[in-house]
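Each chain, written out:
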Amino acid sequence: MALRPYVVGNWKMNGTRAMLAEARAIDRSAQRLMKVEVALAPPFTLIHAVHKEVEEIGVGAQDCHAQGDGAFTGDISAAMAADAGATFTILGHSERRQGHGETDADVLAKAGAALDAGLQLIICCGETESVRDSGNAVQAVTDQLRASLPQTLESASEKLTVAYEPIWAIGTGRTPTVGDVESMHRAIRALLIDRYGETEGGAIRILYGGSVKPENARELLWAAEVGGALVGGASLTAESFMGIVMAAV
Ligand code: PEP
């Protein structure tokens, strides 16, 4: 891993204040593993509390609205997430794309709102099982990403992270082969260089996500062009999450 590895926990719709002890434990361990950048994306309701509890790790949101403010009952803007203590937001997670009908254009609009609010981006992409079986995964994922990423972005490598998460691997315990991960990440790297240039596009971290656990983290994290991991289920306890973080060292 040439770039500083980045391991991000996505708590999804899990966690009440009782989970703050896990965030504290993750933060304490991360202070001893400075070679790895560690972050958590708790639900909106815990962003402020986690931000207050931790010293080293980053805290982010799992989504944001595309508008800055207005009559959008139940939604949260990027500025609100930033005000609560978020420094980044995940966007375009497959659970948003599939469960909430988010399109690439929605993800692009949200990316603009997040950047306006000073948030860094983790933009997700990934193919369904039927697309993988049809042999068109690389084409589908790069098409999705091309339409979801900002056309231009100053200091792109500081503001943008991409997460490749095959939908069929999320929460299923199944993972692609290392070879499949490497071919997908190489295709994403080529796209990023094409869009943002050799220096910036070459330095954007590309995370792998989908059933990463302490047992399989080493082979996935050390695959070519993998710059870290986006972790769902295994990020809910400090023990399993830090098992993954340690595999990145
Ligand atoms: C995710 O949803 O971002 C994810 C990677 O989930 P899991 O690790 O549980 O597969």
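Residues numbered from 1 in each chain as written. Predicted model: local features only at pLDDT ≥ 70, side-chain atom pairs only at ≥ 80, totals over all residues.

Got a minute to help me understand the overall build of the protein in this structure?
The helix and strand tally for the protein stands at twelve helices and eight strands. Dimensions of the protein, computed from C-alpha atoms along their principal axes, come out at roughly 45 × 45 × 35 Å. Each of the 249 residues in the protein was classed as buried or not, and the buried ones make up 45%. Of the contacts made within the protein by residues no fewer than 6 positions apart, 72% connect residues no fewer than 24 positions apart. (Helix = DSSP H or I, 4+ residues; strand = E, 2+ residues; numbered from the N terminus. Buried ≥ 20, exposed ≤ 12 C-beta atoms within 10 Å, placed from the backbone. Contact = placed C-beta atoms within 7 Å.)

Explanation requested: the UniProt feature "active site" (unreviewed entry) in the protein in the structure shown.
UniProt tags H93 and E165 as "active site" (unreviewed entry). Spatial clustering of the annotated residues is evident: they stretch over 73 residues in sequence, but the largest pairwise C-alpha distance comes to 8.4 Å. Its location among the elements puts H93 in the loop between β4 (88-91) and α4 (94-99). Once residues lying within four places of it in the same chain are set aside, the contact partners of H93 are Q62 and C124. Its place among the elements puts E165 in the loop between β6 (160-164) and α9 (178-196). Residue contacts for E165: discarding those within four places in its chain leaves S94, C124, G126, I170, G209, G210 and L230. (UniProt positions renumbered as here; feature names shortened; annotations may be inferred.)

Can you help me understand the nonpolar core in this one?
Soluble, globular proteins show a tendency: their nonpolar side chains are buried together. In terms of nonpolar packing, the biggest core is built from 70 residues, with V7, I122, I123, V162, A229 and I244 touching the most fellow members. The contact partners of I123, leaving out residues within four places of it in the chain, are L91, G92, V107, A111, S148, L149, L160 and V162. (Core = buried A, V, L, I, M, F, W, Y, C linked by C-beta atoms within 7 Å.)

Would you mind showing me how to read the environment of R96 here?
If you trace the backbone, R96 turns up in helix α4. Between the alpha carbons of R96 and I122 there is a distance of 14 Å; along the sequence they are 26 residues apart. Not counting the four nearest positions on each side in its chain, R96 is found in contact with D63 and E102.

Would you explain the environment of A114 in this entry?
When you line up the elements, A114 lands in helix α5 (residues 104-116). A sequence separation of 26 residues divides A114 from F88, and the C-alpha atoms of the two residues are 8.0 Å apart. Ignoring sequence-local partners within four residues, the contact set of A114 consists of C64, A78, T89, L91, L119 and L121.

Just checking my understanding: could you explain the sheet that holds strand β2 (residues 37-41) for this structure?
One key point about sheets: their strands pair by backbone hydrogen bonds, in either a parallel or an antiparallel sense. With respect to topology, eight strands assemble into a closed barrel ordered β1-β2-β3-β4-β5-β6-β7-β8, the strand pairing being parallel. Taking each pair of neighbouring strands and ignoring which way they run, the sheet shows an average axis angle of 25 degrees. Here β2 runs beside strand β3 (residues 58-61); their pairing, made up of two bridges, is parallel. Bridging from a neighbouring strand, L40 pairs with V59 of β3. In this fold helix α2 (residues 44-53) packs onto β2 and β3, with an angle of close to 165 degrees to the strand it touches most, β3. (Pairing = 2+ DSSP bridges. Axes fitted to C-alpha atoms, helices over the stretch in contact; angles between N-to-C directions.)

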